[in-house]
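Now for the letters of each chain:
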Amino acid sequence: MIVDKIKKRETNNVKHINPVDIPADKWIKCDGCKEIVYKEAVQENYNVCPNCGYHFRISSTKRIAQIIDEGTFEEFDLKIDTVNPLQMEEYLKKLTGLREKTGLDEAVKCGTGTINGEKVVICVMDGNFLMGSMGTVVGEKITYSIEKAIELKLPLIIFSVSGGARMQEGIMSLMQMAKTSSAIAKLDDAGLLFISVLTDPTYGGVTASFASLR
Ligand SMILES: [Zn+2]
């Protein structure tokens, strides 16, 4: 009977837990189903809620660990200085603080690695760094990765998570849209594979450039 099925489904779900009994570090609230779920169960399930299938946001480091064969990721050694065209003192301070806090140098990690033994070029954006916004460094790193994929004749995978163009860099950010898009066009001309994975959230100038070009 339908009623029995519903009852059965309810008992299969993660049980409601009295908030008083919850050790803070072992449990996590799901933004999808609003249930309190066991953190370890979420992690074992590739950071997807075992209750409702909601995908938790994850860092670039974790994403790379999930996708790339262990020990094969080699980050491109790129030292690109951040530009500050609007002369915002606060912007540079904020970047310094974020670098210390997150251990990231910018909002994207790019490099090569293998997936089940197949070599790829991979870029993974990170929402913990100014919501993955695209400024000159992000644009340059992505463009470099695209060019590297063409040079090495490798497939390219980009995981996007971005609030869009980085407003602190004004028009310089918007120029990254044209730059990355034209690089993707060259990759397409070379007949190479490009997989664009849009993760939560992907907005603005990133959606309007490389993330939507396939
Ligand atoms: Zn859930």
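Look above for the structure.
I will try to describe carefully the structure that is included in this document.

Parameters and conventions
- Residues numbered from 1 in each chain as written.
- Predicted model: local features only at pLDDT ≥ 70, side-chain atom pairs only at ≥ 80, totals over all residues.
- Heavy atoms only, no water.
- Phe/Tyr/Trp six-rings, centres within 6.5 Å; stacked < 30°, edge-to-face > 60°.
- Helix = DSSP H or I, 4+ residues; strand = E, 2+ residues; numbered from the N terminus.
- Buried < 20%, exposed > 50% of the residue type's maximum accessible area, 1.4 Å probe, protein only.
- Donors = N, O, S within 2.8 Å, 3.2 Å for Na, K, Ca; no water.
- Tetrahedral: all angles 85-135°; square planar, octahedral: opposite > 155°, others 65-115°.
- Pairing = 2+ DSSP bridges.
- Contact = heavy atoms within 4.5 Å.
- Axes fitted to C-alpha atoms, helices over the stretch in contact; angles between N-to-C directions.

## Notes on the packing of aromatic side chains
Phase 1 of the analysis: Overall, the coordinates contain 3 aromatic pairs when judged by the stated rule.
Phase 2 of the analysis: Between phenylalanine 76 and tyrosine 144 the ring centres are 5.2 Å apart and the planes differ by 75°, which places this aromatic pair in the edge-to-face class. Highlighted residues: phenylalanine 76 in the loop between β3 (74–75) and α4 (89–102) and tyrosine 144 in helix α5 (residues 136–152), separated in sequence by 68 residues.
Phase 3 of the analysis: Take phenylalanine 76: its relative accessible area is 13%, and that puts it in the buried class.
Phase 4 of the analysis: Judged by relative accessible area, tyrosine 144 falls into the partly exposed class, the value being 28%.

## A word on the environment of glutamate 35
Phase 1 of the analysis: Tracing the backbone through its elements, the reader meets glutamate 35 in the loop between β1 (27–29) and β2 (36–38).
Phase 2 of the analysis: Measuring from C-alpha to C-alpha, the distance between glutamate 35 and asparagine 51 comes to 8.1 Å, with 16 residues separating the pair along the chain.

## Thoughts on the coordination of the zinc ion
Phase 1 of the analysis: Summarising the metal site, the zinc ion is bound by the protein donors Cys30 (SG), Cys33 (SG), Cys49 (SG) and Cys52 (SG), whose distances to it range over 2.3 to 2.4 Å.
Phase 2 of the analysis: Around the zinc ion, the 4 donor atoms are arranged such that angles at the metal cover 107 to 115°; this shape is classified as tetrahedral.
Phase 3 of the analysis: Ordering the donors of the zinc ion by residue number gives the pattern C-x2-C-x15-C-x2-C. Placement of cysteine 33 in the loop between β1 and β2 and of cysteine 52 in the loop between α2 (39–44) and α3 (60–67) is noted, with a sequence separation of 19 residues between them.
Phase 4 of the analysis: Given the relative accessible area of 24%, cysteine 33 is considered partly exposed.

## A word on the sheet that holds strand β5 (residues 118–125)
Phase 1 of the analysis: Read across the open sheet, the 5 strands follow the order β3-β4-β5-β6-β7; overall the sheet is mixed. Every other strand in the sheet has two partners, leaving β3 and β7 (194–202) as the edge strands with one partner each.
Phase 2 of the analysis: Note that β3 and strand β4 (residues 108–115) share 2 bridges and pair antiparallel. Bridging across to β4, glutamate 75 finds its partner in glycine 111.
Phase 3 of the analysis: Lying over the sheet, α3 contacts β4, β5, β6 (156–162) and β7, oriented at roughly 160° with respect to β5.

Just geometry here; none of it tells us what the structure is for.
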